[in-house]
Amino acid sequence: SGSPRRKFLLETCGLTVERIAQDADETWPTLPLGEAIEELARRKMNAVQGTLPGITVSADTAVVLDGDVLGKPATKEAAVETLNRLSGRAHTVISGVCVATPESRVTFSVQTQVWFRPLEAYEIDVYVNLGESMDKAGAYGIQGHGAVLVDRVEGSYTNVVGLPVAETLAALRAFA
């Protein structure tokens, strides 16, 4: 994976990780949610598999509200709009993960429910002006200042950060 957050999560588990930037088609597939996010993880794997020895992990994470996939905001105004939509509501964070060796691969997805507390306009403005929204799906990072936006999480916290660690480790162990 090219994500610094995914690299950090895997290194926290004691793994040695090398990040590779990839150039995969990240257009959202016309498939059911779980299948779509798994397809994105497979595309990323196809773009890099074989460039490193050993086991390779690719992943993609999406924030979904009312059936809409909320990507990374392009502007501060888009970030404010996204956070206003999430305010006081539950949304789904879904990650697709592909773990592969040159001989085989496994792909899976994990969903986590996240509830935002009701947010005041000034809180959203302060958060967006911190700059943290701009490179995050759903315009927030739970591992940073965005933690104050969240009321509760049901499921994998690390999935919301960007990689469901327990499930990824289980997949890695299957290749050991």
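Now for a description of the structure that goes with this document. In this text the structure is predicted, and so the values were computed from the model without any measurement.

### Quick notes on empty space enclosed by the protein
With the rule as written, the count across this model stands at one cavity of 30 Å³ or more. As a volume, the largest cavity reaches approximately 40 Å³. Surrounding the largest cavity, Gln-49, Gly-50, Leu-52, Gly-54, Thr-56, Ala-100, Thr-101 and Pro-102 form its lining.

### Quick word on the sheet that holds strand β2 (residues 68–70)
What the five strands build is an open sheet, ordered β2-β1-β3-β4-β5; its pairing is antiparallel. Each edge of the open sheet is held by one strand with a lone partner, namely β2 and β5 (150–154). Recorded for the sheet is a direction-independent mean angle of 35° between the axes of neighbouring strands. With nine bridges joining them, strand β1 (residues 56–65) and strand β3 (residues 90–100) adopt antiparallel strand pairing. Residue pairing across strands places Asp-60 opposite Gly-96, the latter belonging to β3. Along the sheet, helix α6 (residues 165–175) makes contact with β1, β3 and β4 (105–116), crossing β4 at roughly 170°.

### A closer look at helix α2 (residues 33–48)
Its 16 residues place the ends of α2 24 Å apart at the C-alpha level, agreeing with the 22 Å of an ideal helix rising 1.5 Å per residue. Every buried residue of α2 is listed here: Gly-34, Ala-36, Ile-37, Glu-38, Leu-40, Ala-41, Arg-43, Lys-44, Met-45 and Val-48. Summarising the contacts, the buried residues of α2 are in contact with α1 (4–12), β1, β3 and β4. Once α2 finishes, Gly-50 follows within two positions and takes phi at roughly 95°, a positive value.

### A word on the pairing of β1
For β1, the buried fraction is high: 10 of the 10 residues fall into the buried class. Side chains of β1 alternate between two faces, with Thr-56, Ser-58, Asp-60, Ala-62 and Val-64 and Val-57, Ala-59, Thr-61, Val-63 and Leu-65 buried alike. In this sheet, β2 lies alongside β1 in antiparallel orientation, the contact comprising three bridges. Bridge assignment links Val-63 to a residue of β2, and that residue is Leu-70. From the end of β1 to the start of β2, which pair antiparallel, there are two residues, and Asp-66 there has a positive phi angle of about 55°.

### Overview of unusual backbone geometry
The general pattern is negative phi for most residues beyond glycine and trans for most peptide bonds. Residue Asp-66 is not a glycine yet carries a positive backbone phi of 55°. One can find Asp-66 in the loop between β1 and β2. Positive phi outside glycine occurs at Ala-139, with the angle close to 70°. By relative accessible area, which is 0% here, Ala-139 ends up buried.

### So, the pattern of salt bridges
Here the idea is simple: oppositely charged side chains can pair when their charged atoms come close. One pass over the full model with this rule turns up 11 salt bridges. Note that Arg-43 and Asp-25 form a salt bridge whose closest N and O atoms lie 3.6 Å from each other. Separated by 18 residues along the polypeptide, Arg-43 in helix α2 and Asp-25 in the loop between α1 and α2 bring together distant segments of the chain. Judged by relative accessible area, Asp-25 falls into the partly exposed class, the value being 44%. Between Arg-42 and Glu-39 there is a salt bridge; the shortest N-O distance is 3.4 Å. Remark: Glu-39 and Arg-42 occur in helix α2; sequence separation between them is three residues, near one turn of the helix. The class of Glu-39 is partly exposed, set by a relative accessible area of 23%. A single network of salt bridges, built from pairs that share partners, joins Asp-25, Glu-39, Arg-42 and Arg-43.

Quick notes on the rules
Residues numbered from 1 in each chain as written. Predicted model: local features only at pLDDT ≥ 70, side-chain atom pairs only at ≥ 80, totals over all residues. Heavy atoms only, no water. 1 Å grid on protein atoms, 1.4 Å probe; cavity = no way out; pocket = protein on both sides within 12 Å on 5 of 7 lines; lining within 4 Å. Points joined across faces, edges and corners; volume = space filled by probe spheres on them. Pairing = 2+ DSSP bridges. Helix = DSSP H or I, 4+ residues; strand = E, 2+ residues; numbered from the N terminus. Axes fitted to C-alpha atoms, helices over the stretch in contact; angles between N-to-C directions. Contact = heavy atoms within 4.5 Å. Expected span 1.5 Å × (residues − 1). Buried < 20%, exposed > 50% of the residue type's maximum accessible area, 1.4 Å probe, protein only. Salt bridge = Lys/Arg side-chain N within 4 Å of Asp/Glu carboxyl O.

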